[in-house]
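Architecture at a glance
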Amino acid sequence: MRHRIAVIGGGPAGLTFARVLHRHDHPVTVLERDPGPDARPPGGMLDLHEGLGQLALSKAGLLAEFQALSRPEGQAMRILDTDGTVLRDWQPRPDDLANPEIDRGQLRDLLLGSLDVQWGRGVTEVVPGTRDGVLVHFADGRQETFDLVVGADGAWSRVRPAVSSATPHYTGITSVETSLDDVDTRHPDLARLVGDGSMAVYGVNRSLVAQRNSGGHVKVYARFRAPLDWHTNVDRHMGLDAGLDLADVEAVRSRLLAMFDGWAAPVLDLLRHGTAFVHRPLYVLPVSHTWAHVPGVTLLGDAAHLMPPLGAGANLAMLEGAELAESVVAAPGPGDLDEAVRAFEEQMWARAGKWAKITTAGLERLVSPDPTEAIARWDQVQPS
Ligand SMILES: Cc1cc2nc3c(=O)[nH]c(=O)nc-3n(C[C@H](O)[C@H](O)[C@H](O)COP(=O)(O)OP(=O)(O)OC[C@H]3O[C@@H](n4cnc5c(N)ncnc54)[C@H](O)[C@@H]3O)c2cc1C
């Protein structure tokens, strides 16, 4: 028997789920709000771990293609003091394939392959338990029913309210992102500073991290502890004026340069040459987010367990997508499907709960009143 299955969201979770079902010739409807694959910039790099994201790609039959596209050298990590002194410089061995980096756009295209995604289909609400199954409402007023609706629609999921009342809360830490293009020719000194992977500088309650992407592109993340309204309120925390217009590139640049005042000139050049600035307050769901099982609806990825962006979210999202797809394929009847989803949820909660604790503690140490905490954290997680 073929279950009528819809996945809401075409991010790493939803696409991996659909791709593994597709591999097993099981039909799936992929519903994505964006009007097309290139509607938004895809974002920076993702490091995919051997036992998580890479395992998911192997279940999707895509591991060899990933290995051809990914950048093992992107695992390099350098830590500088605020005065520019190099404190740590880890270089991966040539055969180290534990956590290679891949551009999000490349990963999305790899997962998309020949999948038939329905673009421009934003979901507004999901209603379980109707006579014909789970009812999905769309922004354009249409509705459809399915046997199983999988919410893979990210941090601000519209599927989540069908199973849980939890909503993301602000961590107290904000990230402002910028990027530099064509660094090897336009900013060779900065290209050398960042190296093949990432470079980080940790100060009191703030950090600056730069990461090389493919094609000579570098992403820069300025992170700091601040109230959510730091840009509109009198910024007593930073001792700076109020009323920052986040759309004013030069005003944001000056504010960031003031926040990181006194740091080494080459490090600040990453902000001086950044093109545009994206404001991203970091939100999370409660660390052990679970819910009472609701037949016909489940969640994957950030919709289920939004956590600090420390290298786990996409990995978990993809492995969950692959595992749920395999469970669905192995469940012949409607009762089996529900039992399979229940068992999957238990497994997802246990694993995601562990990672949520690790990443929450990690973020506290990486943007800390004591910058030596950040270095100690890296000393623990980097292979010696
Ligand atoms: C700066 C940064 C760096 C990161 N680095 C890493 C890393 O190195 N490794 C790692 O594992 N993780 C990393 N993460 C975390 C990772 O990006 C997320 O955990 C991951 O993208 C979650 O995947 P997802 O598919 O659950 O959700 P998303 O990637 O958010 O995808 C959700 C999809 O659903 C669509 N959608 C949303 N609402 C609707 C709707 N109502 N109807 C239809 N479609 C909808 C969206 O358009 C989107 O395509 C990072 C995050 C950030 C912010």
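The structure we're discussing is the one just above.
Described below are features of the structure shown in this document. Worth saying up front: this structure is predicted, and the values here are computed from it rather than measured.

We now examine the overall build of the protein chain. Looking only at helices and strands, one finds 12 helices and 17 strands in the protein chain. Whereas a compact globule of 384 residues would reach a radius of gyration of roughly 21 Å, the protein chain reaches 22 Å, a difference of no more than 12%. Judged by the C-alpha coordinates and their principal axes, the protein chain covers about 65 × 50 × 35 Å. By the burial criterion, 54% of the 384 residues in the protein chain qualify as buried.

Another point: the sheet that holds strand β13 (residues 198–203). Overall, mixed pairing links the 7 strands, which are arranged β5-β4-β13-β14-β15-β12-β16 in an open sheet. Each edge of the open sheet carries a strand with a single partner, namely β5 (86–90) and β16 (278–284). Averaged over all neighbouring strand pairs, the angle between strand axes comes to 20°, with direction disregarded. Sheet analysis places strand β14 (residues 206–212) next to strand β15 (residues 218–225), joined by 7 bridges and oriented antiparallel. Across the sheet, residue Ala210 finds its bridge partner in β15, namely Val220. Contacts from helix α7 (residues 249–259) reach β12 (169–180), β14 and β15, with the element oriented near 60° to β15. Contacts from helix α8 (residues 265–272) reach β4 (77–80), β12, β13, β14 and β15 within the one sheet, and its direction differs from that of β14 by about 75°.

Positioned with a positive phi, Asp25 is a non-glycine residue whose angle comes to about 60°. Among the structural elements, Asp25 can be located in the loop between α1 (12–23) and β2 (29–31). With a relative accessible area of 61%, Asp25 lands in the exposed category. Even without glycine at this site, Asn205 takes up a positive phi of about 60°. Following the sequence through the fold, Asn205 ends up in the loop between β13 and β14.

Let's shift gears to the side chain of Arg351. For Arg351, the location among the structural elements is in helix α11 (residues 334–366). Not counting residues within four places of it along the chain, the set of residues in contact with Arg351 comprises Leu52, Leu316, Leu319, Glu320 and Glu323.

With respect to the helices, strands and loops of the structure, Pro12 is situated in helix α1. Relative accessible area serves as the criterion here: at 26%, Pro12 is assigned to the partly exposed category. Other than its neighbours up to four places away in sequence, Pro12 contacts Leu111, Ala314 and Met318.

Before going further, it helps to spend a moment on the site of the ligand. The local shell around the ligand holds 34 residues, among which Glu32, Asp47, Arg104, Asp302 and Ala314 are the closest. Between an oxygen atom of the ligand and a side-chain N or O atom of Glu32, the distance comes to 2.6 Å. The contact in question runs from an oxygen atom of the ligand to an N or O atom on the side chain of Asp302, over 2.7 Å. Those elements that place two or more of their residues in the shell around the ligand are α1, β3 (45–47) and α10 (313–329).

Conventions adopted
- Residues numbered from 1 in each chain as written.
- Predicted model: local features only at pLDDT ≥ 70, side-chain atom pairs only at ≥ 80, totals over all residues.
- Heavy atoms only, no water.
- Helix = DSSP H or I, 4+ residues; strand = E, 2+ residues; numbered from the N terminus.
- Rg over C-alpha atoms; globule rule 2.2 N^0.38 Å.
- Buried < 20%, exposed > 50% of the residue type's maximum accessible area, 1.4 Å probe, protein only.
- Pairing = 2+ DSSP bridges.
- Axes fitted to C-alpha atoms, helices over the stretch in contact; angles between N-to-C directions.
- Contact = heavy atoms within 4.5 Å.
- Near = heavy atom within 4 Å.
- Polar contact = N/O pair within 3.5 Å; in protein donor to acceptor, adjacent residues only side chain to side chain.

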